[in-house]
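Each chain is listed here by its residues.
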Amino acid sequence: MKAKNKIAAMLTVVTVGVTTSLSGVQAFSEYSNSENKRKPELVFPVISDLHIDDGSTADMNKFRTAMDQLNKAAPKQDAFVVVGDLTDYGYATEYDKFFSIYNEKKQADVQSMFTMGNHDYWNGLSVEKAQDRFLEKSGMDSLYYHKKVNGYDFITLSPENGNTHGLYSVNQINWLGEKLAAAEKENPDQPIFVFLHQHIKDTVYGSDLWGTQENKELLYDTLKKHPQVITFSGHSHYPLEDPRTIHQKDFTSVGTSSVSYLELEPGKLQGFHPEGYRDISQGMIVEVYNNEVIIKKRDFHKDDWTGKPWVIKNPSKKNKFKYTDDRDQLSPSFAGKDKASIVKEKSTLRSLNVTFPQAKDNVLVHSYHITAKNKESGELDADFTAFSEFYLDPVPKNLEFPVTGLKPGTVYEIKVQALDSFNNSSKKVLLADGQTKALEMVSAQASPSLVTTGESTTLQVKMKNFGNDSVKGKIKVDAPEGWSVEHTELEYELSGSEEKNLPIKAIPKESSGSSQFTITAYEGGQIIGSKNINIFVNMKLGESFDQLDSALKPAVNENIPSSILGWSHTAPNGWSVTNSSNMPAGTEEWQGWSFTTKEFWTKAEDQDRSKFELGQGVIAVADPDEWDDNGSPASKGFFDSTLTSPSVKVEGAKDLYVGFASHYKQEGTQTAEVTAVFDNGEKQQVLVYDNKAASDNKNGHVLNKYEVKSIKVPEDASSMKLQWRMHNAKNNWFWSIDDIRLDDQMIILPN
């Protein structure tokens, strides 16, 4: 999980749309001032999930920032704890980068403690050798250990393999039980601090999905005998703002969030990696006083505290626990004047945008339940939950969400209900009525898309009326220079539920290379849609993938609205995609080379994907980052997929030139290659991107570049295929290509 790649907050409690009362602000200030008069017996930061990797400096910079802020906020630390995933893959070079920063920034007399995380195992080594590397690099004496710091017991555990949910063996848990019993016997009322990477199952926010699995009952039962235990765990990357990130039942559990990036639970509209999740960086400082533990939460990305500190008084007394599952019975509420409305200018064939003001809550409005009832049938055609965006800075006062999966030309009642973190729901709901549009520009493509001068092609524009009433409109054709077109405008009329193809002939007169037509459809004077058509003239090979527009499907694993048809594994005629037999199954949409739109791709994640300006319409994408987001296939094997062109006649040619739009981000051992394969058996490497300085990308990113490379044709070759292969990749970055051209003349770069 990497990328698997804004939490914000004020000094007071961060709530969604909640303006904390003045008395609450004063209470926090007074409490902080009173604490400043006391000297803690023990101070230690806890951070987690730094994911230092070889392919980027971003996480190293976040780590430096975190260390600087922790040192400033706590100038006298007794210990410093990191609960796993120090690295992204457990490579020696990643450990070296981590400790180059840590050793520079750590305080002189601090006791350092580290646990392993699952990512620290992901280096291809055996379990034993991965553990040996961790111990060697971290300087820890063993995988799990016990230390005394200022008279307090620190017990540190580590998972014993790289499985996502971790393995804490019976031997390790029994050892834990012995240490807990001895610590309690020595100091019965004193807190005992336990550190591990994965959450204890069914404790803090995120532990339901990311908590321990194997031996979970034994681990929990061992801890529950000692209510003074306070566990700290990471792994889920869930934010500190949610009140469930601290949990008390039989003992106290605390989630530590992540220095590297934010993650949230799946199933919400924004996905588990909402926009801007990589900007988030969090950690905490723990202060221990006599019979009291104070946990201060830090937004490193904002250089400020987030929310009120968590205060654990008398941690050994269960009857004093306040951070329990039933701690909040109050429901969020909308103000009497609050209303929802439909953003009419954003209405589409299958979606409506609803906007409304945020509700208020005594702690945190976590999300909104939104439904769309078909007013004709009475059925719910949309039913989903969206985050309240409590992780943004600042938290928006008003929200706007697309309600998708609707029927064309239909009137809907949209209902909005607020939910808090403990599933309390607002009694008042907001209602809004809206109607979807009825007319769609289904597709626009050229047949054929590769022509010679004087040879005609047909622009095929498909329109469909989903409504019951007849509609009239027109399409406009914006043709490039050097083309003759049959119509620059073409009127149409569609009766109820009618679908019609509107053909327009076009002939290149002097054009050569790639030509782009823009087709715009109107209903009356209103634009219904616009699509581009690419046609290649006088070339040996030309491909824009736009002919696949009508083959695109809705998301399967990605949390993308069903109204966005955006991906396919069906290659253009003559093309093929071949995945290695050893490539594990991951996210369905990105299982090897996929054909998608930038809208769909960037809704999966952005992370510079939207910067591919040369990519238009349908593009080809190999994305190990998104591939790894379903089932963590990178923990089992490598992404390895090849896109192969049709066979092209090359007999008699000496030099060929291939050009294509390329959008590539480098990380780790990930490798991308273009290879010319001739029918005589010869293979010629045309381009290579990898982590070596001598490669075409010089171990860096190649964003939005049109690559042009030459190919020497063997004398005995009569045909050739081109292959684009992405391989040797784990949870790394991506490669996207478009506008492929092959000719025996130098390729002219597009404007």
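What counts, and at which threshold
- Residues numbered from 1 in each chain as written.
- Predicted model: local features only at pLDDT ≥ 70, side-chain atom pairs only at ≥ 80, totals over all residues.
- Heavy atoms only, no water.
- Helix = DSSP H or I, 4+ residues; strand = E, 2+ residues; numbered from the N terminus.
- Rg over C-alpha atoms; globule rule 2.2 N^0.38 Å.
- Areas by Shrake-Rupley, 256 points an atom, 1.4 Å probe, with all protein chains shown as cover.
- Lys, Arg positive; Asp, Glu negative; His and termini not counted.
- Charge placed at Lys NZ, Arg CZ, Asp CG, Glu CD.
- Salt bridge = Lys/Arg side-chain N within 4 Å of Asp/Glu carboxyl O.
- pLDDT = per-residue confidence, 0-100.
- Contact = heavy atoms within 4.5 Å.
- Buried < 20%, exposed > 50% of the residue type's maximum accessible area, 1.4 Å probe, protein only.
- Polar contact = N/O pair within 3.5 Å; in protein donor to acceptor, adjacent residues only side chain to side chain.
- Pairing = 2+ DSSP bridges.
- Expected span 1.5 Å × (residues − 1).
- Arc of directions from axis to C-beta.
- Axes fitted to C-alpha atoms, helices over the stretch in contact; angles between N-to-C directions.
- 1 Å grid on protein atoms, 1.4 Å probe; cavity = no way out; pocket = protein on both sides within 12 Å on 5 of 7 lines; lining within 4 Å.
- Points joined across faces, edges and corners; volume = space filled by probe spheres on them.
- Nonpolar A, V, L, I, M, F, W, Y, C, P; charged D, E, K, R; others polar.
- Parallel < 35°, antiparallel > 145°, perpendicular 65-115°, else oblique.
- Left-handed = near helix turned anticlockwise from the far one by under 90°.
- Phe/Tyr/Trp six-rings, centres within 6.5 Å; stacked < 30°, edge-to-face > 60°.
- Lys NZ or Arg CZ within 6 Å of the ring centre and 35° of its normal.

What about the overall build of the protein?
Moving on, step 1. When helices and strands are tallied, the protein shows 9 helices and 42 strands.
Moving on, step 2. The C-alpha radius of gyration of the protein comes to 29 Å, within 12% of the 27 Å expected for a compact globule of 751 residues.
Moving on, step 3. Its C-alpha atoms put the protein at 95 × 70 × 40 Å along the principal axes.
Moving on, step 4. Put simply, the protein shows about 30,100 Å² of open surface, and 45% of that area lies on carbon and sulfur atoms.
Moving on, step 5. Positive and negative side-chain charges of the protein, numbering 82 and 104 respectively, have mean locations separated by a distance of 4 Å.

Some thoughts on the pattern of salt bridges
Moving on, step 1. Using the criterion set out here, one finds 34 salt bridges in the structure.
Moving on, step 2. One salt bridge connects D304 with K302, and the closest N-O pair in it is separated by 3.6 Å.
Moving on, step 3. Here E489 makes a salt bridge to K476, at a shortest N to O gap of 4.0 Å. Separated by 13 residues along the polypeptide, E489 in strand β26 (residues 489–494) and K476 in strand β24 (residues 471–478) bring together distant segments of the chain.

Points about the confidence of the model for the protein
Moving on, step 1. On average, residues of the protein score 92 in pLDDT, and 95% of them reach the 70 mark or higher.
Moving on, step 2. Contacts for the low-pLDDT stretch residues 1–35, under 50 throughout, to residues beyond four places or in other chains number 131 contacts.

Section: the side chain of E241
Moving on, step 1. Mapped onto the elements, E241 comes out in the loop between β7 (229–233) and β8 (246–248).
Moving on, step 2. K302 provides the closest opposite charge to the buried, unpaired E241, separated from it by 7.4 Å.
Moving on, step 3. Of note is the side chain of E241, whose polar atom sits 3.1 Å from the side chain of Q282.

A short note on the sheet that holds strand β29 (residues 526–537)
Moving on, step 1. One open sheet holds the 5 strands; their spatial order is β22-β29-β28-β24-β26, and the pairing between them is mixed. With one partner strand each, in any of the chains shown, β22 (450–451) and β26 form the two edges of the open sheet.
Moving on, step 2. Of the strand pairs in this sheet, strand β28 (residues 513–523) and β29 are connected by 11 bridges, and their pairing is antiparallel. Following the sheet pairing, Q516 is matched in β29 by N534.

Observations regarding helix α4 (residues 127–138)
Moving on, step 1. Along its 12 residues, α4 runs 16 Å from first to last C-alpha, staying within 8% of the 16 Å computed at 1.5 Å per residue.
Moving on, step 2. Taken together, the buried positions of α4 are occupied by A130, Q131, F134 and S138. The arc that holds every buried residue of α4, seen down its axis, measures 100°, which confines them to one face. Along α4, exposed side chains directed more than 90 degrees from the buried face belong to E128, K129 and E136.
Moving on, step 3. Along its buried surface, α4 packs onto α3 (92–105) and β3 (111–115).
Moving on, step 4. Directly beyond the C-terminal end of α4, a positive phi value near 80° is found at G139.

Points about the sheet that holds strand β21 (residues 439–447)
Moving on, step 1. Strand order in this open sheet of 4 strands is β21-β23-β27-β25, and the pairing throughout is antiparallel. Strand pairing shows two members of the sheet lacking a second neighbour, β21 and β25 (483–485), which therefore form its edges. Adjacent strand axes in the sheet meet at a mean angle of 25°, parallel and antiparallel pairs treated alike.
Moving on, step 2. In this structure, strand β23 (residues 457–465) lies alongside strand β27 (residues 499–508), joined through 8 bridges in antiparallel fashion. Within β27, the residue paired with V461 across the bridge is L502.

A look at empty space enclosed by the protein
Moving on, step 1. Of the pockets and cavities examined, the largest cavity occupies roughly 80 Å³.
Moving on, step 2. If you list the elements that add at least two residues to the lining of the largest cavity, you get β21, β29 and β30 (541–543).
Moving on, step 3. Here the element with the most residues in the lining of the largest cavity is β29; it accounts for 4 residues.
Moving on, step 4. By residue class, the composition of the lining of the largest cavity is 5 nonpolar, 7 polar and 2 charged.

Considering the packing of α3 against α4
Moving on, step 1. For the pair α3 and α4, interaxial distance at closest approach is 10 Å and the crossing angle is 25°. By the angle between their directions, the pair α3 and α4 is classed as roughly parallel. Every pair of crossing elements has a handedness; the one defined by α3 and α4 is right-handed. Between α3 and α4, the contacting residues are A92, Y95, D96 and F99 on the first element and R133, F134, K137 and S138 on the second.
Moving on, step 2. Of the residues assigned to the contact of α3 with α4, the class counts are 4 nonpolar, 1 polar and 3 charged.

Re the packing of aromatic side chains
Moving on, step 1. Across all of its chains, the model carries 41 aromatic pairs by this definition.
Moving on, step 2. When the ring of F98 is compared with that of Y102, the centres are 6.2 Å apart and the planes differ by 15°; the resulting orientation is stacked. Here F98 pairs with Y102, and both are found in helix α3, just 4 residues apart, close to one helical turn. A single burial state applies to F98 and to Y102, both of which are buried.
Moving on, step 3. An aromatic cluster is defined as three or more aromatic residues linked by ring pairs; in this entry it consists of F545, W575, W593, F595, F660, Y664, Y689, W724 and W735.
Moving on, step 4. Looking at R298, its charged tip hangs above the ring of W305, at a distance of 4.6 Å from the centre.
Moving on, step 5. A cation over a ring is seen here: K474 above Y522, with NZ or CZ 5.9 Å from the ring centre.

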